[in-house]
Amino acid sequence: MHAPLERDFDRFKRELPRDFAAHVRETYRIDLTARYLGELVPHPIGKGSGQLSLNPGQLEDDAAAGLAFAVLKTVIAEDESGAQAMAAWAIHETRMKVERRPTGAGREGWTVTWKGRGWDRSFGDYLALVRAGRDLTRAGRLVVVPSVKYHLPRLGEPFREAEYRHTTARLAEAWVEGPLLVEKDFSPTLAGDALADDRAQILRWLEEVPRQIRAASPIPVRIAVKLMNARFDDAFQVEMMNVSAGADALVCFNRLFDAARGVAYGGWDLSDRNLRVLETQLTPHANAGIPALTGTGNISSGRMILEYARRGCESVQLHTFFQLPLSEYAATHGTRSQRALHALVFHPQDGLIAGMLELEARRELERQDGELRFLDVRAHAHRAG
Ligand SMILES: Cc1cc2nc3c(=O)[nH]c(=O)nc-3n(C[C@H](O)[C@H](O)[C@H](O)COP(=O)(O)O)c2cc1C
């Protein structure tokens, strides 16, 4: 299989086939089908919420590139009068700096340094973007999912249900037909905020937030909770997963927070931490009751996708890898989403196909009816674990 892979990698530098998952299935007998928030998608690679899903043009490009899904920028919830308890997160900042970030072990990764937070335009503008996403989703071109930062009270304070109700109802109205898929963001700046100093307070949010969103939605809703990397130890991170049983999926885990610089960051420190915590899910029965998992953090190769998959993730969400200087991609043409997909899937050493063939050679993945299946990577790791 190595020769066709080299050949595909080379010829797709100019243009990726629109339905590359079908090509992979035909040529390599590899079924990349994945799952995000209960939806089957043709492969596991999606875009995480952030500055790359702010307008319909970006969504259109991602649909054309063949991304599996895109999560919209996080909007700050509001009530019918426009009041936002989490208004401190709706700040405007455009400047992003894509930087190399070395780790102690001498590995060099990438991070995006940015002082911004949530959606900074009107909720009406956000709903227009949601409608554009709905149309792409209905057309089967790209699964698009809104992301919200809802009110998070201090212990002893009530949740502002009016914000949950108004925001969710407007999103549902824009989506029209259920199920409404929604992500709830627990961000790194929240992890760095005094609000997140108290463990009991965080655990209450995670237990209660999915309930609040379900109660607020006039149509059936599926909820992904994007967990932050809290400023506590790995055991607490696992506890956060355990109390989040009310969610339909967990996105594991948002960026780290550098308290000294006051910024979020990624790179190898992020994937090391995320994979270490997810690893605990591999012990038999450890994950009974934990919702479906989606990985995020320092994913810049197919091999890294498989690291997350082996630890239970059914799909992945990237941000930084869609922002690198063009010289970092082997592809010579196309949008960054296209060039990134080209490397992630077809790289002859580090791509998803090469990685899955290697798992097969090591007898860590078996063909079913002649095919290797991405979704089996997880099941196999569980058996091995
Ligand atoms: C500039 C920037 C803005 C982001 N904004 C959001 C956001 O609004 N909501 C959210 O849930 N995640 C946000 N993220 C997190 C990403 O979606 C992603 O989960 C995280 O960066 C880890 O993936 P990566 O290492 O591929 O970047 C942002 C990330 C970056 C770099």
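Above this text sits the structure in question.
Just so we're clear, the structure is a prediction, and the values are computed from it rather than from any experiment.

(A) Expanded view of the site of the ligand. What surrounds the ligand is a group of 19 residues, the closest being S49, K73, T74, N298 and T320. One of the side-chain nitrogen or oxygen atoms of T296 is found 2.8 Å away from an oxygen atom of the ligand. For the ligand, an oxygen atom lies 2.5 Å from a polar atom in the side chain of T320. For the ligand, the protein covers 96% of the area, taking 610 Å² as the surface of the free molecule. When residues of the shell around the ligand are traced back to their parent elements, those giving at least two are β5 (69-76) and β7 (108-114). Among the residues making up the shell around the ligand, the classes are represented as four nonpolar, 11 polar and four charged.

(B) Structural view of the nonpolar core. Judged by nonpolar contacts, the single largest core of 118 residues is most densely connected at I45, L171, W205, M241 and F346. When residues of this core are assigned to their parent elements, the largest contribution, seven residues, is made by helix α7 (residues 199-216). Residues within four places of W205 in sequence aside, it is in contact with L152, P153, F159, F186, L190, L195, A196, P210 and M228.

(C) Focus on the packing of aromatic side chains. In total, this model carries nine aromatic pairs according to the counting rule given. Note on F321 and Y329: the rings are 5.6 Å apart at their centroids and 65° apart in plane angle, and the pair reads as edge-to-face. Connected via pairs of aromatic rings, a cluster forms that spans F12, F20 and F346. Across the ring face of Y265, the terminal group of R101 is positioned such that the distance to the ring centre comes to 3.6 Å. One Lys or Arg, K184, reaches over the ring of F186 and ends 4.7 Å from the middle of that ring.

(D) Expanded view of helix α5 (residues 161-175). Along its 15 residues, α5 runs 21 Å from first to last C-alpha, staying within 8% of the 21 Å computed at 1.5 Å per residue. Elements in contact with the buried residues of α5: α4 (123-138), β8 (143-149), β9 (180-185) and α7. At the exit of α5 stands V176, carrying a positive phi of roughly 75°.

(E) View of the pattern of salt bridges. Scanning all chains against the criterion turns up 30 salt bridges. Between K149 and D185 there is a salt bridge whose closest N-O contact spans 3.3 Å. On the criterion of sequence distance, the pair formed by K149 in strand β8 and D185 in strand β9 is long-range, its members being 36 residues apart. On the accessibility criterion, K149 (2% relative accessible area) is buried. Notably, a salt bridge pairs E279 with R311, separated by 2.8 Å at the nearest N-O pair.

(F) Layout of the pairing of strand β14 (residues 292-296). Of all five residues making up β14, four are buried, and the element is well covered by its neighbours. Of the pairings in the sheet, the one linking strand β11 (residues 249-252) to β14 comprises four bridges and is parallel in character. Looking at the pairing, C252 lines up with G295 of β14. When β14 meets strand β15 (residues 313-318), the two strands line up parallel, connected through three bridges. Pairing of G295 across the sheet is with V316, part of β15. For the crossover that starts at β14, traverses helix α10 (residues 302-310) and ends in the parallel β15, the hand is right-handed.

(G) Structural context of the pairing of strand β10 (residues 221-226). Summarising burial for β10: five of the six residues are buried, a large majority. Pairing between β9 and β10: six bridges, direction parallel. The residue bridging K184 from the neighbouring strand is V225, located in β10. Where β10 and β11 come together, three bridges link them in parallel fashion. What sits directly across from K226, in β11, is V251. In this view, the connection linking β10 to its parallel neighbour β11 by way of helix α8 (residues 234-243) has right-handed handedness.

(H) Broad picture of the sheet that holds β11. In space, the eight strands of this closed barrel follow the order β4-β5-β8-β9-β10-β11-β14-β15, with parallel pairing throughout. Averaged over all pairs of adjacent strands, the angle between their axes in this sheet comes to 30°, without regard to strand direction. Where α4 meets the sheet, its contacts fall on β5 and β8, and the angle it forms with β8 comes to roughly 155°.

(I) Expanded view of the environment of D197. Among the structural elements, D197 can be located in the loop between α6 (188-191) and α7. For D197, the residues in contact, after removing those within four places along its chain, are R231 and F232. Separated by 2.6 Å, the side chains of D197 and R231 make a polar contact.

(J) α7, seen in detail. Compared with an ideal rise of 1.5 Å per residue, which puts 18 residues at 26 Å, α7 spans 26 Å between its outermost C-alpha atoms and is within 8% of the ideal. Roughly 35° is the biggest bend found in α7, and it falls at E208, with proline P210 one to four residues downstream. If you check which residues of α7 are buried, you get Q201, I202, L203, W205, L206, E208, V209, P210, Q212, I213 and A216. Regarding α7, its N-cap is D198, as a side-chain oxygen of that residue lies 2.9 Å from the backbone nitrogen of A200 further along.

(K) Highlighting the packing of helix α2 (residues 20-28) against helix α11 (residues 336-346). Between α2 and α11, whose axes approach to 12 Å, the crossing angle comes to 20°. In this view, α2 runs roughly parallel relative to α11, as classed from their interaxial angle. Considering only the axes of α2 and α11, their crossing is right-handed. Across the interface between the two elements, F20, H23 and V24 of α2 pack against L341, V345 and F346 of α11. The residue inventory of the contact of α2 with α11, partitioned by class, reads five nonpolar, one polar and no charged.

The rules we used
Residues numbered from 1 in each chain as written. Predicted model: local features only at pLDDT ≥ 70, side-chain atom pairs only at ≥ 80, totals over all residues. Heavy atoms only, no water. Near = heavy atom within 4 Å. Polar contact = N/O pair within 3.5 Å; in protein donor to acceptor, adjacent residues only side chain to side chain. Areas by Shrake-Rupley, 256 points an atom, 1.4 Å probe, with all protein chains shown as cover. Helix = DSSP H or I, 4+ residues; strand = E, 2+ residues; numbered from the N terminus. Nonpolar A, V, L, I, M, F, W, Y, C, P; charged D, E, K, R; others polar. Core = buried A, V, L, I, M, F, W, Y, C linked by side-chain atoms within 4.5 Å. Buried < 20%, exposed > 50% of the residue type's maximum accessible area, 1.4 Å probe, protein only. Contact = heavy atoms within 4.5 Å. Phe/Tyr/Trp six-rings, centres within 6.5 Å; stacked < 30°, edge-to-face > 60°. Lys NZ or Arg CZ within 6 Å of the ring centre and 35° of its normal. Expected span 1.5 Å × (residues − 1). Salt bridge = Lys/Arg side-chain N within 4 Å of Asp/Glu carboxyl O. Pairing = 2+ DSSP bridges. Right-handed = clockwise from strand over helix to strand, strands pointing away. Axes fitted to C-alpha atoms, helices over the stretch in contact; angles between N-to-C directions. Bend = angle between axes of the 7 residues up to and from the residue. Parallel < 35°, antiparallel > 145°, perpendicular 65-115°, else oblique. Left-handed = near helix turned anticlockwise from the far one by under 90°.

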